[in-house]
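Descriptive analysis of the structure
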There are 2 protein chains.
Amino acid sequence: MSDEQDLGITESKEYSPGDWYAEVVQKAELASYGPEAMGGFIVVRPRGYALWESLQEHLDTWFKQTGAENASFPMFIPESYLEREKDIVEGFDPEVAWVTHGGYEELEERLAVRPTSESIIAPYMAKWVRSHRDLPLRLNQWNSVVRWEATDTKPFFRTREFLWQEGHTAHASDEEAWAETTLRLDQYQRLYEDVLGIPVLRGQKPEHDKFPGAKATTTVEALMPDGKSVQGGTSHHLGQSFAEAFDITFADEDEVERTAHTTSWGLSWRALGALIMTHSDDQGLVLPPTMAPEQVVIVPIWQEDTKEDVLQYSSEIAAELESSGVRVHLDDRDERNPGFKFNEWELKGVPVRFEIGPNEVEDEEVTVVHRPDGENTVEDRAGVLEWTAEHLDAVYDKLYDAAYENLTENVREASDRADLLGTLGQHKGYVKAPWCGDEACEGEIKDQIHAEIVMVPFEDDAVARTASEFEGERVPEPEHGPEDDCVVCGEDAATTAFFAKSY
Amino acid sequence: MSDEQDLGITESKEYSPGDWYAEVVQKAELASYGPEAMGGFIVVRPRGYALWESLQEHLDTWFKQTGAENASFPMFIPESYLEREKDIVEGFDPEVAWVTHGGYEELEERLAVRPTSESIIAPYMAKWVRSHRDLPLRLNQWNSVVRWEATDTKPFFRTREFLWQEGHTAHASDEEAWAETTLRLDQYQRLYEDVLGIPVLRGQKPEHDKFPGAKATTTVEALMPDGKSVQGGTSHHLGQSFAEAFDITFADEDEVERTAHTTSWGLSWRALGALIMTHSDDQGLVLPPTMAPEQVVIVPIWQEDTKEDVLQYSSEIAAELESSGVRVHLDDRDERNPGFKFNEWELKGVPVRFEIGPNEVEDEEVTVVHRPDGENTVEDRAGVLEWTAEHLDAVYDKLYDAAYENLTENVREASDRADLLGTLGQHKGYVKAPWCGDEACEGEIKDQIHAEIVMVPFEDDAVARTASEFEGERVPEPEHGPEDDCVVCGEDAATTAFFAKSY
Ligand SMILES: [Zn+2]
Ligand SMILES: [Zn+2]
């Protein structure tokens with residue numbers, strides 16, 4: 001990747017978003033495709049994995065602050081365990097990778113590579129939960145899972161193996177399980193809005209699209225620049241179905257044996273896909289300072305006679321920033337010229353660049369350039385810590401504001417089928433419309449334009465809504481009811497549905 | 001696990017170490033056995049996983065400080081990739097779990113669940129390394145691997161799936177690869193000695209027991225209280241065999257195309273097994289303060305009329321410790337008496353206990369008890385931060401010193417076969433003796449007493465030895481040569497071998 005001609009992005013985000021995305025991911029050295037014999041798998045390179053670690057650090061801290069503990073369950077699940085789950089839910093069969101041999105021997109029972117771990121965690125919960133004092137029980141694991149679905153690989157968005165976290169909890173009451181469900185959804189929303197620079201809409205999946213066996217599947221949805229929606233993370237209220245199937249019961253305070261209420265919640269590296277796709281441009285990757293491995297890159301500009309002074313001045317600034325916790329990199333390579341360095345760090349998404357030449361040294365200044373829009377400012381050397389923090393915040397705000405504008409400009413309404421299809425066809429984005437609740441109505445839209453109902457607003461459910469720190473416009477409320485006609489079939493509407501094309 | 005009768009350890013460390021170990025692991029809530037259909041798998045519970053996270057934090061920080069970057073490669077490896085490796089090494093065939101089906105379809109090519117990742121990482125290294133400027137390339141991943149060997153599960157010691165880290169690096173010269181190999185071995189030794197409280201011996205595996213294809217396999221060996229050795233972590237100098245098989249070449253400064261030199265190094269959750277087994281006792285788990293999730297537990301002792309004062313005083317102390325970074329837990333449960341709490345926290349291995357009753361409150365004191373030996377002291381409330389740090393250090397030293405004594409007392413010598421067998425049979429531990437270098441001589445000892453050569457000292461190789469921070473007695477030197485007779489066959493000795501029974 002060190003050849004000059006490899007550096008530039010050649011595809012256009014606007015005109016060929018798919019090729020552009022694949023090029024950014026590879027040229028910014030975030031990921032590579034897996035072996036040819038293994039379609040659907042990717043290799044995450046250090047610059048990509050650093051993003052995952054940054055995301056992990058945020059979420060993991062919040063999880064632990066709110067009572068979740070990490071654990072590790074086997075990567076395989078006996079087929080009979082999945083079957084047991086099948087009594088209540090449709091299985092993951094079509095998506096499962098099966099281990100059939102260990103060494104030279106055929107196994108007596110096939111083992112599934114976990115597609116998700118409910119069915120292996122639930123039996124242990126049943127063992128560990130005896131009394132109401134053992135509740136709530138909140139487990140989380142960071143691992144990878146395999147789902148043998150997609151064949152057309154899209155790094156971070158569509159892969160057969162993906163990294164994620166899966167939380168699994170048990171509670172004494174339905175209310176507590178609801179509170180847990182929305183607490184985790186809040187944390188996902190906070191990750192997107194305060195760390196990834198992406199505003200999201202929150203709500204729940206329609207009845208027919210819930211996690212199998214769940215009482216409710218709640219979701220945060222992010223709108224990509226190409227107008228498609230990404231399911232950014234889901235938190236499931238599982239009700240008592242898993243607890244009943246796996247006997248998760250507890251002796252309550254009144255000594256009556258009761259069945260627990262469980263939840264599960266997961267967020268995958270798809271969040272990184274949304275991050276890359278949302279902010280990046282035709283020069284390459286763009287990262288918010290919250291996520292960037294290097295927040296500031298210093299590019300010194302020297303001639304032979306000014307080199308010493310320029311490097312001295314630059315490294316003093318680098319040291320001052322570093323000691324106050326800024327992630328700064330001084331690019332003092334001899335063998336590359338400043339123009340090459342500008343391009344390389346733009347490609348790699350460093351949010352803020354300092355340019356320091358003999359003039360800056362003499363005037364005790366620094367030239368500061370913002371990655372997203374190239375805006376540049378000359379600042380006094382003296383206040384470097386203060387104004388660096390301000391510039392980093394400013395870049396975050398620019399990215400968030402652009403994504404926010406894209407979101408708010410792309411929620412439209414439709415009142416009949418032609419309107420719905422026309423609006424989705426012309427603008428993509430979200431179209432909110434009255435819906436009768438019948439899966440068949442969504443099916444018709446799916447068939448005609450490959451859009452679906454990505455979300456319906458929460459009912460006016462006190463528990464589901466008041467747990468949120470994110471009240472307001474991004475927690476839509478149902479606007480339609482029996483007085484409205486379903487946008488597809490014309491029957492009485494049951495609620496509001498958000499239609500969109502989706503990743 | 002909340003029933004009183006479940007709390008105590010019933011097995012004896014001295015007389016039934018295997019049952020004792022299994023009981024400690026389960027009753028201290030570190031791990032459970034996997035599903036019945038899945039012998040060899042375990043579930044790591046939150047208290048066990050917290051230990052792994054603590055270990056990770058130390059090693060990961062050191063790795064990053066010394067140039068390694070984390071990445072993520074697929075969990076599967078195509079059979080043809082393993083075959084390619086087989087040209088130079090004996091494969092992992094007997095130990096591999098095979099995925100043969102994805103969903104309802106049989107795969108065209110079987111996929112191995114990774115037993116280790118050399119053969120999938122090497123082809124990517126070959127792609128990424130073009131010039132000497134791309135070297136050294138240092139990748140690490142934290143993941144789990146599967147080896148279908150053991151059937152008699154011993155949590156953390158012998159499991160078919162285990163968590164570990166695997167580092168993979170490429171270098172321009174043999175010297176640099178040697179330096180990398182010993183750098184990582186140093187870090188493993190540092191983990192054992194400065195964090196886990198376990199002194200280790202370092203050296204290398206005999207020729208016939210090296211990692212397949214490696215030039216050298218270096219190891220740190222820890223002696224367990226039952227006299228068996230644990231291979232605590234291995235660092236392999238792979239020479240050029242993998243680089244040749246997978247075409248990892250680079251254009252050197254003189255523009256000549258050269259083959260790289262590679263290393264790999266791994267440390268697994270077996271380190272947790274060694275930790276648990278080394279320090280724990282018939283009351284349960286014992287942890288060094290460096291690893292303990294709670295370093296100090298405060299148990300308040302009150303009557304109805306003193307409760308408020310005792311709790312007030314205790315929580316002020318807890319807050320003071322917490323704000324200075326001590327991991328402290330105030331056990332203020334109403335429904336348990338102090339004796340129960342003492343037992344529970346002893347079982348769970350908390351290194352230091354504070355007992356606070358009305359007397360302590362009145363005299364402005366704290367009673368401090370050390371977990372390993374029950375030693376107790378009364379301290380003045382005023383200096384709590386200072387003396388807490390001292391007590392934590394003192395407990396670490398007690399644990400390390402006991403393990404150190406066990407190690408130094410159990411390195412013996414033997415000059416002939418009867419002596420070797422007798423000493424190993426009577427004392428276990430290490431026996432160092434002259435050895436001709438022939439695998440057959442080790443084989444005879446293996447057959448007769450299930451002991452093996454766990455280590456031979458480094459040759460007087462400047463590169464291998466000077467990289468170590470740990471010079472001295474725990475880096476043994478070869479003491480034997482042609483002037484000595486092999487302890488087994490009587491032929492000329494080539495070096496010194498350390499024989500031991502081993503996990
Ligand atoms: Zn309808
Ligand atoms: Zn011999």
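Residues numbered from 1 in each chain as written. Chains lettered and ligands numbered in written order. Predicted model: local features only at pLDDT ≥ 70, side-chain atom pairs only at ≥ 80, totals over all residues. Heavy atoms only, no water.

**Overview of the overall build of chain A**
The helix and strand tally for chain A stands at 14 helices and 23 strands. For 503 residues, the compact-globule formula gives about 23 Å, and the C-alpha radius of gyration of chain A, at 25 Å, lands near that figure. Each principal axis of the C-alpha atoms in chain A carries an extent, and together these give about 85 × 60 × 50 Å. A buried classification covers 61% of the 503 residues belonging to chain A. Carbon and sulfur atoms make up 42% of the accessible area of chain A, which totals about 19500 Å². (Helix = DSSP H or I, 4+ residues; strand = E, 2+ residues; numbered from the N terminus. Rg over C-alpha atoms; globule rule 2.2 N^0.38 Å. Buried < 20%, exposed > 50% of the residue type's maximum accessible area, 1.4 Å probe, protein only. Areas by Shrake-Rupley, 256 points an atom, 1.4 Å probe, with all protein chains shown as cover.)

**Overview of the pairing of strand β6 (residues 105-113) of chain A**
All names here are of chain A. Pairing of strand β4 (residues 76-78) with β6, which is carried by three bridges, proceeds in the antiparallel orientation. Residue pairing across strands places F76 opposite V113, the latter belonging to β6. The pairing of strand β5 (residues 97-102) with β6 spans four bridges and is antiparallel. Following the sheet pairing, V99 is matched in β6 by L111. Between β5 and β6, which pair antiparallel and follow one another directly, the connecting turn spans two residues, one of which, G103, has a positive phi of 65 degrees. (Pairing = 2+ DSSP bridges.)

**Digging into the pattern of salt bridges**
All names here are of chain A. One pass over the full model with this rule turns up 58 salt bridges over all chains. Across the pair D373 and K398 runs a salt bridge whose closest N-O atoms are separated by 2.7 Å. With D373 in the loop between β18 (365-370) and β19 (376-380) and K398 in helix α11 (residues 384-408), this pair connects stretches of sequence that are 25 residues apart. The exposure class of D373 is partly exposed, given its relative accessible area of 44%. K398 gets classed as partly exposed once you look at its relative accessible area, which sits at 24%. One network of salt bridges, in which partners are shared, links D331, R333, K341, E344 and K348. (Salt bridge = Lys/Arg side-chain N within 4 Å of Asp/Glu carboxyl O.)

**Section: the interface of chain A and chain B**
Listed by partner, the interface residues are 57 residues for chain A and 57 residues for chain B. Overall, the association of chain A and chain B removes approximately 4800 Å² of surface from exposure, summing both partners, and the carbon and sulfur fraction of that is 61%. Linking chain A with chain B are four salt bridges. We note a salt bridge from K64 of chain B to E53 of chain A, for which the minimum N-O separation is 3.1 Å. Here chain A is connected to chain B by 21 residue pairs in polar contact (both at pLDDT 80 or more). (Contact = heavy atoms within 4.5 Å. Buried area = accessible area lost by both parts, 1.4 Å probe. Polar contact = N/O pair within 3.5 Å; in protein donor to acceptor, adjacent residues only side chain to side chain.)

**Remarks on the coordination of the zinc ion (ligand 1)**
Residue and element names in this part refer to chain A. The protein atoms that coordinate the zinc ion (ligand 1) are C436 (SG), C441 (SG), C486 (SG) and C489 (SG), at distances spanning 2.2 to 2.3 Å. Each of the four donor atoms around the zinc ion (ligand 1) contributes to a set of angles spanning 104 to 116 degrees, which defines the coordination as tetrahedral. Binding-site remark: the zinc ion (ligand 1) is held by donors from one chain whose sequence spacing is C-x4-C-x44-C-x2-C. Here C486 lies in the loop between α14 (462-466) and β23 (495-500) and C441 lies in helix α13 (residues 439-449), a separation of 45 residues in the sequence. (Donors = N, O, S within 2.8 Å, 3.2 Å for Na, K, Ca; no water. Tetrahedral: all angles 85-135°; square planar, octahedral: opposite > 155°, others 65-115°.)

**Topic: the pairing of β23 of chain A**
Residues and elements named next belong to chain A. Counting buried residues in β23 gives six out of six residues, a clear majority hidden from the surface. Inspection of the sheet shows strand β21 (residues 430-435) paired to β23 by five bridges, in the antiparallel sense. Paired with A433 across the strands is A497, a residue of β23. As paired elements, strand β22 (residues 452-455) and β23 share three bridges and run antiparallel to each other. Each bridged residue has a counterpart across the sheet, and for I453 the counterpart in β23 is F499.

**Some remarks on the domain arrangement of chain A**
Note: interface size is frequently given as the accessible area lost on complex formation between the parts. Segmentation of chain A into domains returns domain 1 (3-279), domain 2 (296-406) and domain 3 (411-500). Computed from C-alpha coordinates alone, the two centres of domain 2 of chain A and domain 3 of chain A are separated by 46 Å. (Domains from an automatic or database assignment.)

**Overview of the coordination of the zinc ion (ligand 2)**
The textbook angles at a metal center are 109.5 degrees for a tetrahedron of four donors and 90 or 180 degrees for an octahedron of six. Residue and element names in this part refer to chain B. With distances of 2.2 to 2.4 Å, the protein atoms coordinating the zinc ion (ligand 2) are C436 (SG), C441 (SG), C486 (SG) and C489 (SG). For the zinc ion (ligand 2), the four donor atoms in the first shell make angles of 104 to 118 degrees at the metal, a pattern classed as tetrahedral. Written as a sequence motif, the donor residues of the zinc ion (ligand 2) are C-x4-C-x44-C-x2-C. On the basis of relative accessible area, C486 is assigned to the buried category, the value being 3%.

**Side note on the sheet that holds strand β3 (residues 69-70) of chain B**
Two strands in a sheet stick together by hydrogen bonds in their backbones, pointing the same way (parallel) or opposite ways (antiparallel). Residue and element names in this part refer to chain B. The seven strands lie next to each other as β3-β7-β8-β14-β11-β10-β9, forming an open sheet whose pairing is mixed. Either end of the sheet is taken by a strand with one partner, and the two such strands are β3 and β9 (201-204). Where strand β10 (residues 216-223) and strand β11 (residues 229-239) come together, eight bridges link them in antiparallel fashion. The partner of A222 across the bridge, within β11, is V230.

**Here's the deal with unusual backbone geometry**
Residue L135 of chain A is joined to P136 of chain A through a cis peptide bond whose omega torsion reads -5 degrees. Relative to the helices and strands, P136 of chain A is located in the loop between α4 (118-128) and β7 (137-146). For H450 of chain A, which is not a glycine, the phi torsion comes out positive at approximately 55 degrees. Position of H450 of chain A relative to the elements: it lies in the loop between α13 and β22. Unlike most non-glycine residues, D247 of chain B shows phi in positive territory, near 60 degrees. Note on placement: D247 of chain B falls in the loop between α6 (241-246) and β12 (249-251).

**As for α13 of chain A**
Residues and elements named next belong to chain A. Considered for burial, the residues of α13 that qualify are C441, E442, I445 and I449. What you see down the axis of α13 is that its buried residues fit within an arc of 100 degrees, all on one side. Packed against the buried residues of α13 are α12 (417-427), β21, β22 and β23. Among the residues of α13, the N-terminal cap falls to D438, whose side-chain oxygen and the backbone nitrogen of A440 are separated by 3.0 Å. Just past α13, the residue H450 takes up positive phi, approximately 55 degrees. (Arc of directions from axis to C-beta.)

**Quick look at helix α9 (residues 338-347) of chain B**
All names here are of chain B. Within α9, burial applies to F340, K341, F342, E344, W345 and L347. Each element contacted by the buried residues of α9 is listed here: α1 (17-27), α2 (46-65), β15 (296-300), β16 (328-330) and β17 (352-356). Its side-chain oxygen 3.1 Å from the backbone nitrogen of G339, N337 forms the N-cap of α9. G349 occupies a position one or two residues after α9 and carries a positive phi of about 85 degrees.

**Some thoughts on the packing of aromatic side chains**
Residue and element names in this part refer to chain A. The full count for this structure, using the stated rule, is 33 aromatic pairs over all chains. Aromatic side chains F157 and Y503 sit 4.8 Å apart centroid to centroid with 25 degrees between the ring planes, which places their arrangement in the stacked category. Residue F157 is located in the loop between β7 and β8 (161-171), and its partner Y503 is located in the segment after β23; the two are separated by 346 residues in the primary sequence. Through pairs of rings, three or more aromatic residues link up here, namely W52, F63, W142 and W265. A cation over a ring is seen here: R353 above F342, with NZ or CZ 4.0 Å from the ring centre. (Phe/Tyr/Trp six-rings, centres within 6.5 Å; stacked < 30°, edge-to-face > 60°. Lys NZ or Arg CZ within 6 Å of the ring centre and 35° of its normal.)

**Considering the side chain of T169 of chain A**
Residue and element names in this part refer to chain A. Assignment of secondary structure puts T169 in strand β8. Of note is the side chain of T169, whose polar atom sits 2.6 Å from the side chain of H171. Of the polar contacts made by the side chain of T169, one reaches the side chain of T263; its length is 2.5 Å. Ignoring sequence-local partners within four residues, the contact set of T169 consists of M125, L137, R138, L139, E180, H261, T262, T263 and W265.

**A closer look at the side chain of H391 of chain B**
Residues and elements named next belong to chain B. Looking at the element boundaries, H391 is found in helix α11 (residues 384-409). Its relative accessible area of 9% is what places H391 among the buried residues. Of the polar contacts made by the side chain of H391, one reaches the side chain of H370; its length is 2.8 Å. In contact with H391, not counting residues within four places along its chain, are V352, V368, H370, T377 and E379.

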